[in-house]
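Observations on chain architecture
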Amino acid sequence: MTTAPPRPTTLDPEALRGDFAILETRIGDSPLVYLDSAATSQKPRAVIDAEVSFLTSANSAVHRGAHTLAAEATELFEDARAAVAGFVHAAPEQLVWTSGATAGINLIAYAIGNATLGRGGEPARRFALAPGDGLVVTEAEHHANLIPWQELAARTGAVLRHIPVRDDGTIDLEAAASVIGARTRVVAFPHVSNVLGIVNPVAELVALARAAGAITVLDACQSAPHLPLDLPALDVDLAVFSGHKMLGPNAIGGLYGRADVLEALPPFLTGGSMITTVTLDGAEYLPPPQRFEAGTQPVSQAIGLAAAVRYLDAVGMDAVHAHETALERRLRDGLRSIPGIRLLGDADAERVALAAFDVDGVHAHDVGQFLDARGIAVRVGHHCAQPLHRRFGLTASVRASAALYTTDAEIDEFLDAVSGVRGYFGVGR
Ligand code: PLP
């Protein structure tokens, strides 16, 4: 009997940085300090190599053609599915490739819309909406987990409600218990908000949704790169994540679903590769995941994402989480100590290493330019979360976000620069 190797619990970011050539970049005279990983992460050499190697020696159409290269490409593609599914503790059939989280959420919303139109037969009736049925999101959504539900409500007559966020950034669970009611059919929420960084109470929200007979949709974009993620254990019905935020390529993402949910859900995109039999009058569809994968798939990207999760697994997600928790404290404590800084959602809660803030008297875009002139890359603007910014009385904020390759020294350099912002713009010390 073989025993699994112990999972690493610590990591050395300096040692990992050698795998990320881009981190050697200089911005003018300054070394790059990349604090924009929540927008998109950097990719280790292993991910770039995996894509190049596939394109160089195995590129071919998958699930089609009987030739050797097609068989090899199909095997690599399906191995990639197994690896990425395994990363979130799912079976391969529970992982649908998408082009990203936005595509995954739209897929779910359109599939529910199709069920409402009577598509998918008897099994899909459980998803069908009637006018007045409820769709629930939170006030802390990325637009990707808001607008598809607004559109679904507009198409079906369902009503979209939201769970408010408290001043400290936490989800108001008391309000959730009254917003989620007997007519609620879908509860969609972020595992971690891309603005607040707080890990949301998944178990409580799932329990409320279950009690109402609603399905749950988890946006795991900002948790998948930072925490050990066991989607079946979280007991959500559906979840999405994004490859480019978790060291993988662009234009690839995952849609996870409970087996019974995916089996009952009608397709959204239709066409080649998702059918068994087609006549001029109709078609029969493959079971999941292929039912949801019409057309040519992002094969090299899937293989790149598999390399990314293998890399994360080798580093160890417990180690990633521990390292980033320490970075988060350093970042938050440092920002709290700088006069004129207001952190958005400053609860003492479980978090990822991300902080959004307002600098009193200085526009976020000016802060971004000031930092960029020192080689520090942050995100400024509304971060695709306008309602949440409005909630905090802002139109824009500055967001710093770290990843496994971020060092203490980089956080310190960032804090040092931020402490000079108000003085530079003549609005404070
Ligand atoms: N949801 C959250 C919380 C995000 O942070 C993002 C990306 O910024 C998205 C969804 C959209 O992801 P994608 O770029 O894969 O469409």
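Keep in mind that this is a model prediction, so the values were computed, not measured.

What about the sheet that holds strand β16 (residues 379-381)?
- Pairing is antiparallel in the open sheet, where four strands are placed in the order β13-β14-β17-β16. Both edges of this open sheet fall to β13 (341-343) and β16, since each of them pairs with a single strand only. Averaged over neighbouring strand pairs, the angle between their axes works out to 30 degrees when direction is ignored.
- Bridge count for strand β14 (residues 354-359) against strand β17 (residues 397-401) is four bridges, and the pairing is antiparallel. By the bridge assignment for β17, A355 is matched with A400.
- Strands β13, β14 and β17 of the sheet are contacted by helix α12 (residues 317-336), whose axis makes an angle of about 10 degrees with β14.
- Against the sheet, helix α13 (residues 364-372) makes contact with β14, β16 and β17, and its axis sits at roughly 160 degrees relative to β16, the strand it touches most.

Digging into the domain arrangement of the protein chain
- For the protein chain, the assigned domains are domain 1 (13-37 + 316-421) and domain 2 (51-313).
- For domain 1 and domain 2, the distance between their C-alpha centres works out to 28 Å.
- Opposite the 34 residues of domain 1 that make contact, domain 2 presents 31 residues.
- The largest contributions to the domain 1 side of the interface with domain 2 come from M317, L388 and R391, which together make up 24% of the buried area.
- Between domain 1 and domain 2 we count two salt bridges in total.

Comments concerning the pairing of β17
- Taken across its five residues, β17 has five buried, putting it largely inside the fold.
- Relative to β17, β16 is paired through three bridges, and the arrangement is antiparallel. Looking at β17, one finds that G381 is bridged to S397.

Some details on the site of the ligand
- Taken together, G100, A101, T102, H142, A144, N194, D219, C221, Q222, S242, H244 and K245 make up the full set of residues adjacent to the ligand.
- Between the ligand and H142 there is a distance of 3.1 Å, counted from an oxygen atom to a side-chain nitrogen or oxygen.
- Between the ligand and the protein, one listed contact pairs an oxygen atom with a side-chain N or O atom of Q222 at 2.7 Å.
- Alone, the ligand offers 400 Å² of accessible surface; in the complex the protein occludes 87% of this.
- Looking at the shell around the ligand residue by residue, the class counts come to three nonpolar, seven polar and two charged.

Concerning helix α8 (residues 202-212)
- Buried residues of α8: V202, L205, V206, A209 and A212, and no others. Buried positions in α8, seen along its axis, are confined to an arc of 125 degrees and lie on one side of it. α8 presents A203 and A211 as exposed residues on the side facing more than 90 degrees away from its buried surface.
- Buried-residue contacts for α8 involve β6 (159-163), α7 (173-179), β7 (184-190), β8 (215-219) and α9 (231-234).
- Following α8 by one or two positions, G213 adopts a phi angle in the positive range, close to 80 degrees.

Considerations on a nonpolar patch on the surface
- There is a patch of nonpolar side chains on the surface, built from Y424, F425 and V427 and spanning about 280 Å² of accessible area.
- Relative to the helices and strands, F425 is located in the segment after α16 (421-424).
- Assessed through its relative accessible area of 32%, F425 is described here as partly exposed.

Considering the sheet that holds strand β9 (residues 238-242)
- Here seven strands make up an open sheet; going across it, the order is β4-β10-β9-β8-β7-β5-β6 and the pairing mixed. With one partner strand each, in any of the chains shown, β4 (95-98) and β6 form the two edges of the open sheet. Going across the sheet, the axis of each strand differs from the next one's by a mean of 20 degrees, ignoring polarity.
- As paired elements, β9 and strand β10 (residues 253-257) share five bridges and run antiparallel to each other. Of the residues in β10, the one forming a bridge with F241 is G254.
- In the packing of helix α4 (residues 101-116) onto the sheet, the strands contacted are β4, β7, β8, β9 and β10, and the crossing angle to β9 comes to about 155 degrees.

Focus: the side chain of E141
- Its location among the elements puts E141 in the loop between β5 (134-138) and α6 (147-156).
- R399 is the oppositely charged side chain nearest to the buried, salt-bridge-free E141, at an N-O distance of 13 Å.
- The contacts of E141, once residues within four sequence positions are left out, are L146, A188, F189, P190, C384 and A385.

Considerations on the pairing of β6
- As paired strands, β5 and β6 are joined by five bridges and run parallel to one another. In the sheet register, V137 faces β6, and the bridge partner there is H162.
- As a crossover connection, the stretch from β5 through α6 into β6 is right-handed.

Topic: the packing of helix α2 (residues 45-57) against helix α11 (residues 299-315)
- Closest axis-to-axis distance for the α2/α11 pair is 8 Å, and the angle between their directions is 145 degrees. Along this stretch, α2 crosses α11, giving a crossing that reads as right-handed. Within the contact between the two elements, α2 uses A46, V47, A50, E51, F54 and L55 and α11 uses V299, S300, Q301, I303, G304, A307 and A308.
- Considered class by class, the residues forming the contact of α2 with α11 number nine nonpolar, three polar and one charged.

Observations concerning the packing of α4 against α6
- Two elements in contact, α4 and α6, have axes separated by 9 Å at closest approach and are oriented at 10 degrees. One finds that α4 runs roughly parallel with respect to α6. When you trace α4 past α6, the crossing you get is right-handed. The segment α4 lies against α6, with I105, N106, I108, A109, Y110, I112, G113 and T116 engaging P148, W149, L152, R155 and T156.
- Classifying every residue of the contact of α4 with α6 gives eight nonpolar, four polar and one charged.

Calculation rules
Counting restarts for each chain, with residues numbered from 1 along the sequence as it is written. Given that the model is predicted, a residue must reach a pLDDT of at least 70 before its local features are reported, and side-chain atom pairs must reach 80 or more before they are shown or counted; all residues, however, enter totals for whole chains, interfaces and linings. Hydrogens and waters are ignored; side-chain quantities use all the structure's heavy atoms. Two strands make a pair as long as DSSP finds a minimum of two bridges between them. Labels follow the DSSP assignment, with helices taken as runs of H or I lasting at least four residues and strands as runs of E lasting at least two, numbered in each case from the N terminus. For every element, the axis is a line fit to its C-alpha atoms; helices are fit only across the contacting stretch, and the angle between N-to-C directions ranges from 0 to 180 degrees. By definition, residues are in contact when any of their heavy atoms lie within 4.5 Å. A domain assignment, automatic or from a database, supplies the domain bounds used here. Note: buried area is the sum, over both parts, of the accessible area (probe 1.4 Å) each one loses when the two are combined. We count a salt bridge whenever a side-chain nitrogen from Lys or Arg sits within 4 Å of a carboxyl oxygen from Asp or Glu. Here the term buried applies to any residue with accessible area under 20% of the maximum for its type, exposed to any over 50%, and partly exposed to those in between, with areas from a 1.4 Å probe on protein chains only. One heavy atom within 4 Å of a molecule or strand makes the whole residue count as near it. For this analysis, a polar contact is any N or O atom pair within 3.5 Å, provided that within protein one partner can donate a hydrogen and the other can accept it, and provided that sequence-adjacent residues contribute only side-chain to side-chain pairs. Here, Shrake-Rupley sampling with a 1.4 Å probe gives the accessible areas, and only protein chains in the shown set may cover a residue. Under this grouping Gly is polar, as are all residues other than the nonpolar Ala, Val, Leu, Ile, Met, Phe, Trp, Tyr, Cys and Pro and the charged Asp, Glu, Lys and Arg. Here the arc refers to the set of directions running from the helix axis out to each C-beta atom. Without a salt bridge and with relative accessible area above 30%, a residue can belong to a patch; like charges are then joined within 9 Å and nonpolar side chains (Val, Leu, Ile, Met, Phe, Trp, Tyr) within 5 Å. Charge assignment: positive for Lys and Arg, negative for Asp and Glu; neither His nor the chain ends contribute. A crossover counts as right-handed when, viewed with the strands pointing away from the observer, the path leading from the first strand over the helix to the second turns clockwise. Note: crossing handedness is left-handed where the near helix turns anticlockwise from the far helix by less than a right angle, and right-handed where it turns clockwise. Comment on the angle field: the value is read as roughly parallel under 35 degrees, roughly antiparallel over 145, roughly perpendicular from 65 to 115, and oblique elsewhere.

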